[in-house]
Amino acid sequence: NAGVTQTPKFQVLKTGQSMTLQCAQDMNHNSMYWYRQDPGMGLRLIYYSASEGTTDKGEVPNGYNVSRLNKREFSLRLESAAPSQTSVYFCASRNGQGALETQYFGPGTRLLVL
Amino acid sequence: AQSVAQPEDQVNVAEGNPLTVKCTYSVSGNPYLFWYVQYPNRGLQFLLKYITGDNLVKGSYGFEAEFNKSQTSFHLKKPSALVSDSALYFCAVRGANTGGFKTIFGAGTRLFVKA
């Protein structure tokens, strides 16, 4: 049971390049999330998927797109990277949709946009 | 609107001394409150949560947190700090009537425990 896995662990992009961050969970969780972590700002929600086949915007969705490929996988795409997207990106999953359940986080992807 | 404040960027404690990491929140309706810990180059790990009931919640690694409704606070505590407790700690709140998806995280407090 690997929990939540993310690839790549680290990536350097040039402004305007595109890339996809991959996330997978093996806990059979229904909901999945993408956050970005910036110094002094905590974690901010980019997009989430309440269940397979659905996605919704979070606090900071501009410049990103997501795909909930199946129940296990939730990818985050940057179509045209900008320096402001330099950050650490975390994927998380949670069982069920209620407010009580705990989120489980992946190890993160460090992205540097030059 | 929901919000979480962690007023201290860093907390310094000597090993063996008690530690407190502060958190205050604002949410409409009943709050669900969480503490997470992040070690270097790792994702966040769940420590404890308050949903309802006893105001003192016990969690992993000897940590506990006290929910105070009148002060809208949820401070993290540990009676005796260890050097291995040094990490980044996040408080988070989820409103009971927000559909359960929008968790708001504080900016984080770095705990440094000196041997």
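Refer to the structure printed above.
Residues numbered from 1 in each chain as written. Chains lettered and ligands numbered in written order. Predicted model: local features only at pLDDT ≥ 70, side-chain atom pairs only at ≥ 80, totals over all residues. Heavy atoms only, no water.

Colleague: Would you mind going over the interface of chain A and chain B with me for this structure?
Modeller: Interface size is often expressed as the accessible area that is lost when the parts come together. The partner chain B presents 23 residues to the 25 residues of chain A that form the contact. Buried surface at the junction of chain A and chain B, summed over both partners, amounts to about 1800 Å²; 57% is from carbon and sulfur atoms. Summed over the shared surface of chain A and chain B, the result is zero salt bridges. Of the residues in the side of chain A that touches chain B, the class split is 12 nonpolar, nine polar and four charged. (Contact = heavy atoms within 4.5 Å. Buried area = accessible area lost by both parts, 1.4 Å probe. Salt bridge = Lys/Arg side-chain N within 4 Å of Asp/Glu carboxyl O. Nonpolar A, V, L, I, M, F, W, Y, C, P; charged D, E, K, R; others polar.)

Colleague: What's the story with the sheet that holds strand β1 (residues 4-7) of chain A in this structure? I'm lost.
Modeller: What holds strands together in a sheet is hydrogen bonding between their backbones, with the strands either parallel or antiparallel. Residues and elements named next belong to chain A. Taking strand neighbours across the sheet as the criterion, the four strands line up as β1-β3-β8-β7 in an open arrangement whose pairing is antiparallel. Two strands close off the open sheet at either side, each with one partner strand: β1 and β7 (65-68). Between one strand and the next, the sheet's axes are offset by a mean angle of 15°, whatever the strand orientation. Across four bridges, β1 lies against strand β3 (residues 19-25) in antiparallel orientation. Each residue of the ladder has a partner; that of T5, found in β3, is A24. (Pairing = 2+ DSSP bridges. Helix = DSSP H or I, 4+ residues; strand = E, 2+ residues; numbered from the N terminus. Axes fitted to C-alpha atoms, helices over the stretch in contact; angles between N-to-C directions.)

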